[in-house]
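Each chain, written out:
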Amino acid sequence: MTSMSAITQTSDLTNKAALIPLATERPAYYRMSGIEETSNVSSEFQEERSEEEVEEEIGYEDPFRYVFYRDRKEWADLEPVPQDDGPNPVVKIAYSDKFTDVYDYFRALLKNDEKSDRALLLTAEAIELNAANYTVWHYRRVLLQALEKDLREEMRYITAIIEDQPKNYQVWHHRRMVVEWLNDPSEELEFIAEILSQDAKNYHAWQHRQWVIKEYKLWDSELEYVEQLLEEDVRNNSAWNQRHYIISHTTGYSDPAILNREVQYSLKQIKKAPHNESVWNYLKGILQDLGLSSHPGLLEQILELKETHCSPYLLGFLVDIYEDFLENTLEHHEEVLSKALELCELLAREKDTIRREYWSYVGRSLQTKYGSSDSSTTTSAPGSDSGSVHQETPCSS
Amino acid sequence: GTQVKDVVIKSDAPSALLLDKHADYIAAYGSKKDDYEYTLSEYLRMSGIYWGLTVMDLMGQLTRMNQQEISDFIKSCQHDCGGVSASIGHDPHVLYTLSAVQILSLYDNVNVLDVDKVVEYVRGLQQEDGSFAGDKWGEIDTRFSFCAVATLALLGRLDAINMDKAVEFVLSCMNFDGGFGCRPGSESHAGQIYCCTGFLSIAGQLHQVNADLLGWWLCERQLPSGGLNGRPEKLPDVCYSWWVLASLKIIGRIHWIDKSKLRSFILACQDEETGGFADRPGDMVDPFHTLFGVAGLSLLGEGQIKDVNPVLCMPEDVLERLGLHPDLLSYSTPLVPAAIVFNRSSSSMS
């Protein structure tokens, strides 16, 4: 059997693919998708053609000529390995024929530890059917290295796969490995931006972006990119996280001018969309080390905003400012404490009732820490359920 | 501003707990014809078995599963390097190594595996900076830090790794909002937070968490529907009811969630016809969401379900047998100055 010689080189397939009207820029093997025909039809054709012609056929999108691996002469040397499910089903599971066929042959390749171009092609098919199968990806990487494949070609491949299935650990890890092997991040920022334009919160995409930026020191235009994303959706938590990431790793927040710039930027975004968890978490996050009450003019700005752009977040933030004030100053305690407690009560009773336990806790903590010791505290504690002040309720009671 | 991202629970959504249906669903899972989903998930089969067995045990129905077959399967999934794969013919990974050890712990039978080799495998995954790779290909993620210490804790072999460095790495993933991501700088995410708080619990380092700040971030996950999301501006999902709730339990702030609203959401995720839980009401069920729905209800105090351990997501009685009591933070702020408490005739301390 001249199985090995019948294997057409990938580049050949690509060249020939260009002649076929349906071909696109994707590698030919990627086009073998979703085609299922009965094997009768395919084997009929198979007998009339040379091995090479059959191979050509397999590479191109001709939906009526998909040939199962079990029917391909050039794969006849391999004994397919059926799935071993372990603790299983008395009843045989019927999967799609194509899935079974591809994976039976994948297992055969693994078993023989075959390192060949046909194996590489088959991994692409297996991935197409189940891109989360990490074992296939491992094997593909082993093959890429053993066969010294063109990694630029692989970049094109993984680009297409990610575009199709962007929410999968394996595809992104694979891309990272290829970038590392090539030591070339030049396409990354643009590619990730493209993926993020489809889902601006794709967690995997953001991890990859952070890695690329840090590894290859591509910090320069990232803040601009983040601002653009926030223009599009000011509630994008990933973008706010990225903002923090960039600034932390470049200028830092210790320069008062930068800190103030960020505070003012945040307040501006709050005006645009007051009900925005992310911006409030960001604002608190950047100020908490220095202390919320220490930032000049902030309290006044927040109180102003309260009149026109109020939200439970704003009220909660005010409580945080007052708390910080109580912690760091000795004057006006009663007045400030009273304001803080009033807000906690308002939040628990009306503005953020789903979190009344939290607001109740905050109020009680403040009372305990800063209240005068002879005031009867518990009965005025906002939102406390029947005055019970016990330790954490064991939830199995 | 724009609408809050959330679901609306229909008035005819399930409101009673259908444990028997869920047990039947799990017992029959994988044995139906044409179950394409079952085939597709072969690459995570070990975890799938862990989800199924754990939820059955929580419902007191573990005996309906085939212990011998499962033990044999696990044995055949341990590789020479000591790691365990998701299924036969797959490569080893720390995720499936943990699942295997969890399953065998349920059966009190970890010696089905070569335990020393498991320990070696896990030890070998630790990097210089204290982080853990998932497998030999080097993906780093705090999920794997959790998997590593959870595996070793169950085997009583926490001494095998450099714990100080491991802790250092996890702490370096703590963000400005008090949460944790998968690597330093990564966005806070409830799933990662569960892994990191679970890790810190096992490592005895929970005091390093800013419990009030993180607790606030976590209780902010609760949406008007009562369900929990995984990060800001995302839809609720029953599995976050576990990741978020367990984290809150670990840091001693579980009562910051409106429990009855969450309970209603979780129950609404049941499928009355097929049994099982879906990610949100009306969607298709699967074993993953079934476990986390039931486990979430257990944390909320559901009487019909066994107590679940929030760190390891395993029945408490199993950990009791193993003598494992991972730390949990308690509500540490004194609520009333001691002088006042002891002066009161009718104490309000219950």
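Just so it is clear, the structure is predicted and the values come from calculations on it, not from any experiment.

## Looking at the overall build of chain B
Next up, step 1: Looking only at helices and strands, chain B features 15 helices and 4 strands.
Next up, step 2: The dimensions of chain B, computed from C-alpha atoms along their principal axes, are 65 × 50 × 45 Å.
Next up, step 3: For chain B, the residues scored as buried account for 64% of the 350 residues in total.
Next up, step 4: Put simply, of all contacts in chain B between residues at least 6 apart along the chain, 67% involve residues at least 24 apart.
Next up, step 5: For chain B, the accessible area works out to roughly 12600 Å², and carbon and sulfur atoms hold 49% of it.
Next up, step 6: Each charge class in chain B was averaged separately, 27 positive and 44 negative side chains, and the resulting centres sit 3 Å apart.

## Considerations on helix H6 (residues 115–125) of chain B
Residue and element names in this part refer to chain B.
Next up, step 1: Where H6 is concerned, the buried positions are Val115, Val118, Val119, Tyr121, Val122 and Leu125. In an axial view of H6, the angular spread of the buried residues amounts to 160°, which keeps them on one side of the axis.
Next up, step 2: In this structure, the buried residues of H6 make contact with helix H5 (94–106) and helix H7 (142–155).
Next up, step 3: At the N-terminal end of H6, a side-chain oxygen is found 3.3 Å from the backbone nitrogen of Asp116, two or three residues along, and the residue is Asp114.

## Comments concerning the confidence of the model for chain B
Reading predicted coordinates in detail is not appropriate for stretches of low pLDDT.
Residues and elements named next belong to chain B.
Next up, step 1: Taken as a whole, chain B shows an average pLDDT of 92; of its residues, 93% reach a score of 70 or greater.
Next up, step 2: Low pLDDT, under 50, characterises residues 334–350; the stretch is placed with 20 contacts to residues that sit more than four places away or in other chains.
Next up, step 3: Of the two predicted TM-score estimates for the complex, the pTM is 0.83 and the ipTM is 0.90.

## Considerations on the pattern of salt bridges
Next up, step 1: As enumerated under the stated definition, the model contains 40 salt bridges over all chains in all.
Next up, step 2: For the salt bridge of A:Glu350 with A:Lys351, the shortest nitrogen-to-oxygen distance reads 3.7 Å.
Next up, step 3: Of the residues examined, A:Glu350 reaches a relative accessible area of 53% and is grouped as exposed.
Next up, step 4: By relative accessible area, A:Lys351 is classed as partly exposed at 41%.
Next up, step 5: Between B:Arg157 and B:Asp116 there is a salt bridge, with its nearest N and O atoms 2.9 Å apart. In this pair, B:Arg157 sits in the loop between H7 and helix H8 (163–171) while B:Asp116 sits in helix H6, placing the two residues 41 residues apart along the sequence.
Next up, step 6: The class of B:Asp116 is partly exposed, set by a relative accessible area of 49%.
Next up, step 7: Here the residues in one salt-bridge network are A:Glu227, A:Arg243, A:Arg261 and A:Glu262, joined through shared partners.

## Points about a negative patch on the surface
Residues and elements named next belong to chain A.
Next up, step 1: Negative charge collects at one region of the surface, where Glu163, Asp164, Glu187, Glu190 and Glu194 lie side by side.
Next up, step 2: Counting only elements with at least two residues in the negative patch, the list comes to helix H7 (151–164) and helix H9 (188–198).
Next up, step 3: The topology assignment puts Glu190 in helix H9.

## Quick word on the packing of helix H5 (residues 117–129) of chain A against helix H6 (residues 134–146) of chain A
Residues and elements named next belong to chain A.
Next up, step 1: Viewed as axis vectors pointing N to C, H5 and H6 meet at an angle of 155°, and their least axial separation amounts to 10 Å. Taken together, H5 and H6 sit at an angle that is classed as roughly antiparallel. Seen from above, H5 lies across H6 with left-handed handedness. Taking contact as the criterion, the partners of Ala119, Leu120, Thr123, Ala124, Ala126 and Ile127 in H5 are, on H6, Val136, Trp137, Tyr139, Arg140, Leu143 and Leu144.
Next up, step 2: Partitioned by chemical class, the residues of the contact of H5 with H6 number 10 nonpolar, 1 polar and 1 charged.

## Thoughts on the confidence of the model for chain A
All names here are of chain A.
Next up, step 1: Per-residue pLDDT for chain A has a mean of 80; in total, 74% of the residues score no lower than 70.
Next up, step 2: No element of chain A has a lower mean pLDDT than helix H1 (residues 10–17), at 34, and none a higher one than helix H12 (residues 237–249), at 98.
Next up, step 3: Note on residues 1–52: pLDDT under 50 across the span, and 87 contacts to partners over four residues away in sequence or across chains.
Next up, step 4: Here residues 54–61 is a poorly scored stretch, pLDDT under 50, and it has 25 contacts once near neighbours within four places are set aside; other chains count.

Thresholds, definitions, all that
- Residues numbered from 1 in each chain as written.
- Chains lettered and ligands numbered in written order.
- Predicted model: local features only at pLDDT ≥ 70, side-chain atom pairs only at ≥ 80, totals over all residues.
- Heavy atoms only, no water.
- Helix = DSSP H or I, 4+ residues; strand = E, 2+ residues; numbered from the N terminus.
- Buried < 20%, exposed > 50% of the residue type's maximum accessible area, 1.4 Å probe, protein only.
- Contact = heavy atoms within 4.5 Å.
- Areas by Shrake-Rupley, 256 points an atom, 1.4 Å probe, with all protein chains shown as cover.
- Lys, Arg positive; Asp, Glu negative; His and termini not counted.
- Charge placed at Lys NZ, Arg CZ, Asp CG, Glu CD.
- Arc of directions from axis to C-beta.
- Polar contact = N/O pair within 3.5 Å; in protein donor to acceptor, adjacent residues only side chain to side chain.
- pLDDT = per-residue confidence, 0-100.
- Salt bridge = Lys/Arg side-chain N within 4 Å of Asp/Glu carboxyl O.
- Patch = residues over 30% accessible without salt bridge, like charges linked within 9 Å, V, L, I, M, F, W, Y side chains within 5 Å.
- Axes fitted to C-alpha atoms, helices over the stretch in contact; angles between N-to-C directions.
- Parallel < 35°, antiparallel > 145°, perpendicular 65-115°, else oblique.
- Left-handed = near helix turned anticlockwise from the far one by under 90°.
- Nonpolar A, V, L, I, M, F, W, Y, C, P; charged D, E, K, R; others polar.

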